[in-house]
Amino acid sequence: MGNDGRKKGSERARLPRRVVIISAFIIILSFIGMFLIDSSVKEIRNDYRQNISADYMNKEVVGDINRYVYKHQGLIYKYGNEYESGVDVTQVKNDIIECRNEIKRLDNALGKNVGDMPYEKIYNEFHEMLDGYFSETEKIFGVSDGRDELKILKTIDGELNPTIVSIIDKVEKLDRMITDNTNKSNDVMANNLDKYRFGEIMIIIAIMVISILGFVHCIFLTHDIINRDPMTNVFNIGKVGRDISRMSAKGRLNDYSCVCTNIKGLSIINQRYGTKSGDVLLINYASAMSGLLRRNERMARIGGDNFLFFIKNDHLEQLIPKLMHSETEIPTAIGMKKVNIDNRCGIYPISNGDRFDDILDSAYTTLNQAKRGAEGDIVRFDKKHLEKVFRRRNILRQFKKALEDHEFIVYYQPKVECKNNAIIGAEALVRWKHDGELVPPFEFIPVLENEGSITELDFYVFDRMCKDLKEWLDAGLKPIRVSSNFSKHHLKNSDFADKIIKVIESNNVPREYIEVELTESFGYENLKAFTDFVSRMNKEGISVSLDDFGTGYSSLSVLKDINVDVVKIDKTFIDRICCGNVINEKLLINVIHMIKDLGHEIICEGVEKEEQAEFLKQQECYFIQGYLYDRPLPHDEFTERLKSPVYR
Ligand code: C2E
Ligand code: CA
Ligand code: CA
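Definitions and cut-offs
- Residues numbered from 1 in each chain as written.
- Chains lettered and ligands numbered in written order.
- Predicted model: local features only at pLDDT ≥ 70, side-chain atom pairs only at ≥ 80, totals over all residues.
- Heavy atoms only, no water.
- Donors = N, O, S within 2.8 Å, 3.2 Å for Na, K, Ca; no water.
- Near = heavy atom within 4 Å.
- Polar contact = N/O pair within 3.5 Å; in protein donor to acceptor, adjacent residues only side chain to side chain.
- Areas by Shrake-Rupley, 256 points an atom, 1.4 Å probe, with all protein chains shown as cover.
- Helix = DSSP H or I, 4+ residues; strand = E, 2+ residues; numbered from the N terminus.
- Nonpolar A, V, L, I, M, F, W, Y, C, P; charged D, E, K, R; others polar.
- Buried < 20%, exposed > 50% of the residue type's maximum accessible area, 1.4 Å probe, protein only.
- Pairing = 2+ DSSP bridges.
- Contact = heavy atoms within 4.5 Å.
- Arc of directions from axis to C-beta.
- Axes fitted to C-alpha atoms, helices over the stretch in contact; angles between N-to-C directions.
- Parallel < 35°, antiparallel > 145°, perpendicular 65-115°, else oblique.
- Left-handed = near helix turned anticlockwise from the far one by under 90°.
- Patch = residues over 30% accessible without salt bridge, like charges linked within 9 Å, V, L, I, M, F, W, Y side chains within 5 Å.
- Salt bridge = Lys/Arg side-chain N within 4 Å of Asp/Glu carboxyl O.
- Lys, Arg positive; Asp, Glu negative; His and termini not counted.
- Charge placed at Lys NZ, Arg CZ, Asp CG, Glu CD.
- Phe/Tyr/Trp six-rings, centres within 6.5 Å; stacked < 30°, edge-to-face > 60°.
- Lys NZ or Arg CZ within 6 Å of the ring centre and 35° of its normal.

Only Glu427 (OE), Asn485 (OD1), Glu517 (OE) and Asp547 (OD) from the protein coordinate the calcium ion (ligand 2), and they sit 2.1 to 2.3 Å from it. In the primary sequence, the donor residues of the calcium ion (ligand 2) line up as E-x57-N-x31-E-x29-D.

Take a look at the structure:
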């Protein structure tokens, strides 16, 4: 196996980043495009505004000039005509001067705005003409008075004063030119817009082309992200699921098998050489295996070191050895190292019509069977594997409701002193009454243990036990100590002891009648928690028993270090006595003596035969729990038992 797979894997890890970069690029490009378009529009608009606003201003001024020129002419006529009839000459003269000043002012204003305009020449002529005419009249007003003045004006003006007429003519010319200029400005803007529109279309087309290319590229990248495992680059379960469902719908799965594999010892590689080396192993394995598949075969990584294969049946026998054992090189601190990749696998032969989820379930369950190791590394599917899984799932699904509906009931198995056959205690044992049947604990306790819900059930049973105990004490029956089982999961909870005390107090039962059973198979990691818990119970005056003694690994150290009140010797010890095996008997005798020496009380579980009880009696081990006396009894039967607490 080469480095190709590793390269592909690390490339794939960058895919999401590439999608982000491309999207960001397209967004930035669009912004630049928008900015360019916007600034071009602004430029055109500014140009137009400048031109058109000068035009409008000039047009207005020219209009005003025109008006005042006419007014001026009118006044002169009036002046001339009214003169004969004795008009107020001074008034008319003032009006003419004011009108003339206004024309001058407007002429100046217009002058500011004619630079660079096409009518500049006309304006200059008009301006000169106006200047000449006004200085002439100025002169007349300046040198004359009374009649002479009027005569001169008249002489100047005549009936149709030619200067005024040509001034009016020039003003009209100016006005026309300004209108032309405005129209030209409009045309220029329309032209500019047309030219600009071409540029705009080019920019939009460029952005669209780049966006489409980027989009298509992103589709491919996203397709990869959605469909492939980011580390190994092989398809992920979602993609293979869709392919397989499609093939199944077309009836093309009949000659296929689903193989679920799991790499052995990857965690050791991770610990020894680092997770990067573990990743390389996975990537190389995936790459090598995908290279072995035929066109219509599929492979997916289903998380961690598990892979899924859909293989043609006629290819299976040839492929399995390669899936199971291969070699690769991984990087270590001192260079590349050759390692073996060994697998376990579960094989499920597919039938047409199987749903993908069911195929996966079956193959995975079969792999789990291989992981347990009892059937070898290659396990072929068997219906019973699946039944177990379905049973487990049903239990978990129904548990909460069963608890609410009080489907769990508590049985009591008497503990007896075999010296005098008297009941000295009992153990609370849970039963599940489901659909009219009693489900035994071994069916559901391990499932709930696995999932953690057992802690809820334990306290339910414990609470029920306290209530029953209170009832028996209140009824004046023989007071006995009753034990309740608690899973090792509780040791993870720091408030375990507090919760026990709370239940005891809420039910108002004396602590001396309570015993907490904890199994010894809790492992070293919980030893400290167990020690702390037992010390607390010692202080609180609540008994603790070590259940199933002899089945775990930590028995001796637990006995030495932890001050439990009672040790419950497991049934497996009892089963091995009274059947002619002296060594087993000697072993039990020594165990009993050792426990006694360490100061613990002993009770033997699973005593079924008279001779077993006799043997125990000889060892002065008198407390017994077993079918010899009683099976676990329901509440009412056990109450009756308490009423006559000695066996005959
Ligand atoms: P355990 O705590 O070791 O309980 C003793 C088991 O041995 C009981 O099985 C009892 O019926 C059985 N037994 C007692 N005497 C004899 C005998 O002479 N012969 C045979 N063949 N069996 C005998 P059971 O009631 O089926 O309970 C099985 C296990 O389920 C218990 O083993 C305990 O580990 C667990 N369990 C039961 N109730 C609870 C509970 O409320 N919480 C937890 N965590 N576990 C519980
Ligand atoms: Ca027990
Ligand atoms: Ca036990």
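Around ligand 1, the structure places 22 residues, and the nearest of them are Gln413, Arg431, Asp458, Glu608 and Tyr627. Within the side chain of Glu427, one N or O atom sits 3.1 Å away from an oxygen atom of ligand 1. Taking Asp547, its side chain carries an N or O atom lying 3.0 Å from an oxygen atom of ligand 1. Starting from 790 Å² of accessible surface for ligand 1 in isolation, the protein chains cover 81%. Every element with two or more residues in the shell around ligand 1 is listed here: strand 9 (422-434), helix 13 (441-451), helix 14 (454-474) and strand 13 (543-549). With four residues, the single largest contributor to the shell around ligand 1 is strand 9. By residue class, the composition of the shell around ligand 1 is nine nonpolar, five polar and eight charged.

This part is about the pairing of strand 8 (residues 408-417). In terms of burial, strand 8 is a largely internal element, nine of the ten residues being buried. Here ten bridges tie strand 8 to strand 9, and the two strands are oriented antiparallel to one another. Looking at strand 9, one finds that Glu417 is bridged to Ala422. Where strand 8 hands over to strand 9, the hairpin turn is made up of four residues, of which Asn421 adopts a positive phi near 60 degrees. Across two bridges, strand 8 lies against strand 17 (residues 633-634) in antiparallel orientation. Each residue of the ladder has a partner; that of Tyr411, found in strand 17, is Pro634. Relative to strand 16 (residues 623-625), strand 8 runs antiparallel, the two being bridged by two bridges. Across the sheet, the residue bridging to Glu417 is Phe623, located in strand 16.

What follows is about the coordination of the calcium ion (ligand 3). Coordination sphere of the calcium ion (ligand 3), protein contribution only: Asp547 (OD), Asp548 (OD), Glu605 (OE) and Glu605 (OE), at 2.2 to 2.5 Å. Summarised as a motif, the one-chain spacing of the donors to the calcium ion (ligand 3) is D-D-x56-E. The metal-metal distance between the calcium ion (ligand 3) and the calcium ion (ligand 2) is 3.9 Å, with Asp547 coordinating both. Note that Asp548 is positioned in strand 13 and Glu605 in strand 15 (residues 601-605), a separation of 57 residues in sequence. Residue Glu605 is classed as buried on the basis of its relative accessible area of 11%.

Moving on to the environment of Tyr70. Tracing the backbone through its elements, the reader meets Tyr70 in helix 2 (residues 15-83). Residue classification places Tyr70 among the partly exposed positions, given a relative accessible area of 41%. For the pair formed by Tyr70 and Ile168, sequence separation is 98 residues and the distance between their alpha carbons is 7.7 Å. If we skip the residues at most four places from it in the chain, Tyr70 touches Ile168 and Glu172.

Another aspect to go through is helix 13. Regarding helix 13, the residues found buried are Phe444, Val447 and Leu448. The arc that holds every buried residue of helix 13, seen down its axis, measures 95 degrees, which confines them to one face. When the buried face of helix 13 is taken as reference, the exposed residues oriented beyond 90 degrees from it are Phe442 and Asn450. Looking one or two places after helix 13, you find Gly452, whose phi comes out positive at around 100 degrees.

Once that is clear, we can look at the packing of helix 14 against helix 15 (residues 496-507). The angle between the axes and the distance between the axes are what describe a pair of packed helices. Orientation of helix 14 relative to helix 15, taken along the N-to-C sense of each, is 30 degrees, at an axis distance of 9 Å. Between helix 14 and helix 15, the crossing angle belongs to the class labelled roughly parallel. Read as a crossing pair, helix 14 and helix 15 show a hand that is right-handed. Between helix 14 and helix 15, the contacting residues are Phe459, Phe462, Asp463, Cys466, Lys467 and Lys470 on the first element and Phe496, Lys499, Ile500, Val503, Ile504 and Asn507 on the second.

Attention shifts here to a positive patch on the surface. A cluster of basic residues, Arg372, Lys388, Arg391 and Arg392, forms a positive patch on the protein surface. The element best represented in the positive patch is helix 12 (residues 383-404), accounting for three residues. Within the secondary structure, Lys388 is located in helix 12.

All right, on to the pattern of salt bridges then. Taken as a whole, this structure holds 40 salt bridges when the rule is applied. Between Lys560 and Asp561 there is a salt bridge, with its nearest N and O atoms 3.0 Å apart. For Lys560, a relative accessible area of 60% puts it in the exposed group. What makes Asp561 partly exposed here is its relative accessible area of 44%. Between Lys643 and Glu640 there is a salt bridge, with the nearest N and O atoms lying 3.2 Å from each other. Within this pair, Lys643 and its partner Glu640 are both found in helix 21 (residues 635-643), separated by three residues, close to a single helical turn. For Glu640, a relative accessible area of 47% gives the class partly exposed. Counted as one network, the salt bridges with shared partners bring together Lys415, Glu427, Arg481, Glu515, Glu517, Lys568, Glu601 and Glu605.

Below, the discussion takes up unusual backbone geometry. Positive phi outside glycine occurs at His406, with the angle close to 55 degrees. Examined against the element boundaries, His406 turns out to sit in the loop between helix 12 and strand 8. What makes His406 exposed here is its relative accessible area of 54%. Within the chain, Asn421 stands out as a residue other than glycine whose phi angle is a positive 60 degrees.

Before going further, it helps to examine the packing of aromatic side chains. Evaluation of the coordinates by the stated rule reveals 19 aromatic pairs. Ring plane angle 55 degrees and centroid distance 5.7 Å describe the contact between Tyr133 and Phe134, whose orientation is recorded as tilted. The exposure class of Phe134 is buried, given its relative accessible area of 3%. Consider the rings of Phe459 and Phe486, whose centres lie 5.3 Å apart with planes at 65 degrees: the pair is edge-to-face. Of this pair, Phe459 sits in helix 14 while Phe486 is found in strand 11 (residues 481-486), placing the two residues 27 residues apart along the sequence. With respect to class, Phe459 is no different from Phe486; both count as buried. Ring pairs connect the aromatic residues Phe459, Phe462, Phe486, Phe496 and Phe533, which therefore count as one cluster. It is Lys419 that lies over the ring of Tyr622; its NZ or CZ is 4.5 Å from the centre. Its guanidinium or amino end placed over the ring of Tyr627, Arg631 lies 4.0 Å from that ring's centre, counting from NZ or CZ.

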